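Examining the three-dimensional arrangement
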Amino acid sequence: MKKVYLKKGRKKSVLLRHPWIFSGAIEKTDRSITAGEIVEIYDHRGNFLAKGYINPKSQITIRILSWNKEEDVTDIRFISERLKSAIDMRLNYFDQSVTNAFRLVNSEADFLPGLIIDKYNDTIVLQILTLGMEQFRDKITEFLLEYLSPKCIYERSDTIVRKKEGLSLKKGLIYGKLQKPVRIIENGLEFLVDVQDGQKTGFYLDQRDNRKELLLFCKDKKVLNCFSYTGAFSVYAIKGGAKLTVNIEFSRSAIELAKKNMEINHIKKETQEFIEGNAFELLRNMKKKGKKFDLIIMDPPKFAHTQGKLENALRGYKDINLQAMQLLNPGGILFTFSCSGAISLELFSKTITWAAMDANKNVQVIKRLAQPMDHPHLTSFLESEYLKGLICKIT
Ligand code: SAH
């Protein structure tokens, strides 16, 4: 196996089991390394550190597969074992008569860097993000067919990060027949998921536990669901006793599917309002018109894609939360989220403090929210702890 040597002083993150090695940390490599190849990583003195796959085209040049010299990471048995371990953890946890849609493999946090696998009822969605993982694609598919006997495997490797790996974007059917939409159960409620054209792999599975929290806060409330996508939070709000839910979303197709999600959960049309447009403007208009709500959900898309974009992102988070605080009745509840890996809980809390200062409000955090068990994170890899939320009472 070919060898890569790190610069002096750059081994610490590897010892701490952070799974990425950036191009700047590499001192030298054996000649004629092929992109995607599995290599051994050594410190500058020649001590073994780890094994991983390499892609010289990517800033994240190596993704570590193992810190154990004896482990054969080229053998397909290795991938199968990792897949099995990740999948079994979920299958043991979920009662599928209550929830049959969850993430089976969460990339680095399941020690399978560059691989996402989501399960939507009998349909499996595969997403490969890196060149190194791309090489295992057929083996992974074979394993999934044998181990889970799904009705369908669909690939959604159409995310833009693949370009950083020199890969093209692709999506399409791998096996079986895709239902459009796929029908899933989450916490006993039913949802339609557009696996082919929806956002991410079709549904925001990572908000499952947080949606359930909402049930306890909605009795007789007037709710604003901002960045509502296919309306999942609103379905829970109504099931929790809300009398009205106003949904703000700029994707028309998401709104169309949200309406169908209301229907299949037997939710009356009169309890739902949908406003198509830009949340930043719509919130201001509502304030001008003197609109008020008892509970607001603020679940925006990722504003900070990199550390470099942090400042703008923080301004965005502050702005929407400030607007929300001003739209709430006294004692109102704010469910607020950030899914930016680059923003820590501490920084997110600070942003809420700044918004509260400008809104002249008191903020009481009732509960902290995070990503669910099927989206595990590594303590050595804080980027994987991306979803943070706060339930706040605003007075
Ligand atoms: N809460 C949702 C997920 C929200 S994801 C759920 O539980 O399913 C963020 C959503 O915000 C996406 O649907 C995206 O289309 C929408 N969006 C992004 N920017 C927006 C903007 N400026 N105004 C309105 N909607 C926006």
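About the criteria used
Residues numbered from 1 in each chain as written. Predicted model: local features only at pLDDT ≥ 70, side-chain atom pairs only at ≥ 80, totals over all residues. Heavy atoms only, no water. Near = heavy atom within 4 Å. Polar contact = N/O pair within 3.5 Å; in protein donor to acceptor, adjacent residues only side chain to side chain. Areas by Shrake-Rupley, 256 points an atom, 1.4 Å probe, with all protein chains shown as cover. Nonpolar A, V, L, I, M, F, W, Y, C, P; charged D, E, K, R; others polar. Domains from an automatic or database assignment. 1 Å grid on protein atoms, 1.4 Å probe; cavity = no way out; pocket = protein on both sides within 12 Å on 5 of 7 lines; lining within 4 Å. Points joined across faces, edges and corners; volume = space filled by probe spheres on them. Phe/Tyr/Trp six-rings, centres within 6.5 Å; stacked < 30°, edge-to-face > 60°. Buried < 20%, exposed > 50% of the residue type's maximum accessible area, 1.4 Å probe, protein only. Lys NZ or Arg CZ within 6 Å of the ring centre and 35° of its normal. Pairing = 2+ DSSP bridges. Helix = DSSP H or I, 4+ residues; strand = E, 2+ residues; numbered from the N terminus. Axes fitted to C-alpha atoms, helices over the stretch in contact; angles between N-to-C directions. Contact = heavy atoms within 4.5 Å.

**Observations regarding the site of the ligand**
- The ligand sits among 14 residues. The nearest are Gln199, Glu249, Asn278, Ala279 and Asp299.
- Between Arg211 and the ligand, the recorded distance is 3.0 Å, taken from a side-chain N or O atom to an oxygen atom.
- In this structure, a nitrogen atom belonging to the ligand sits 3.2 Å away from a main-chain N or O atom of Phe250.
- Within the complex, 94% of the 590 Å² of free accessible area of the ligand lies under protein.
- Grouping the constituent residues of the shell around the ligand by class yields 8 nonpolar, 3 polar and 3 charged.

**Topic: the domain arrangement of the protein**
- Assigned domains of the protein: these are domain 1 (3–66), domain 2 (76–182) and domain 3 (204–394).
- The straight-line distance from the C-alpha centre of domain 1 to that of domain 3 is 40 Å.

**Section: empty space enclosed by the protein**
- The final tally for this structure, using the stated rule, is 1 cavity of 30 Å³ or more.
- By volume, the largest cavity amounts to about 40 Å³.
- Every residue lining the largest cavity is listed: Pro19, Ile64, Leu65, Trp67, Arg82, Glu108, Phe111 and Pro113.
- Of the residues that constitute the lining of the largest cavity, the class distribution is 6 nonpolar, no polar and 2 charged.
- Composition of the lining of the largest cavity by domain shows at least three residues from each of domain 1 (3–66) and domain 2 (76–182).

**Considerations on the packing of aromatic side chains**
- Enumeration according to the criterion identifies 15 aromatic pairs in this entry.
- Between Trp20 and Phe22, the aromatic rings sit 6.1 Å apart at their centres with planes inclined by 85°, giving edge-to-face as the arrangement.
- Judged by its relative accessible area of 38%, Phe22 falls in the partly exposed class.
- Judged by centre distance (4.3 Å) and plane angle (5°), the rings of Phe94 and Phe102 are stacked.
- Residue Phe94 is classed as buried on the basis of its relative accessible area, which comes to 10%.
- Judged by relative accessible area, Phe102 falls into the buried class, the value being 0%.
- In textbook terms, an aromatic cluster arises when at least three aromatic residues are bridged by ring pairs, as seen for Phe280, Phe303, Tyr317 and Phe348.
- Over the ring of Phe293 we find Lys222, and its NZ or CZ is 5.4 Å from the ring centre.

**Comments concerning the sheet that holds strand 14 (residues 222–226)**
- Overall, mixed pairing links the 7 strands, which are arranged 16-15-14-17-18-20-19 in an open sheet. Since the sheet does not close on itself, it has two edges, and those belong to strand 16 (272–276) and strand 19 (363–370), each with one partner. Strand after strand, the sheet turns through a mean of 15° between neighbouring axes, direction not considered.
- Pairing of strand 18 (residues 328–338) with strand 20 (residues 388–394) involves 7 bridges; the strand directions are antiparallel. The residue of strand 20 that forms the bridge with Gly332 is Ile394.
- Along the sheet, helix 9 (residues 310–327) makes contact with strand 14, strand 17 (293–298), strand 18, strand 19 and strand 20, crossing strand 18 at roughly 155°.
- Running over the sheet, helix 10 (residues 345–359) touches strand 18, strand 19 and strand 20 and is turned about 30° from strand 20.

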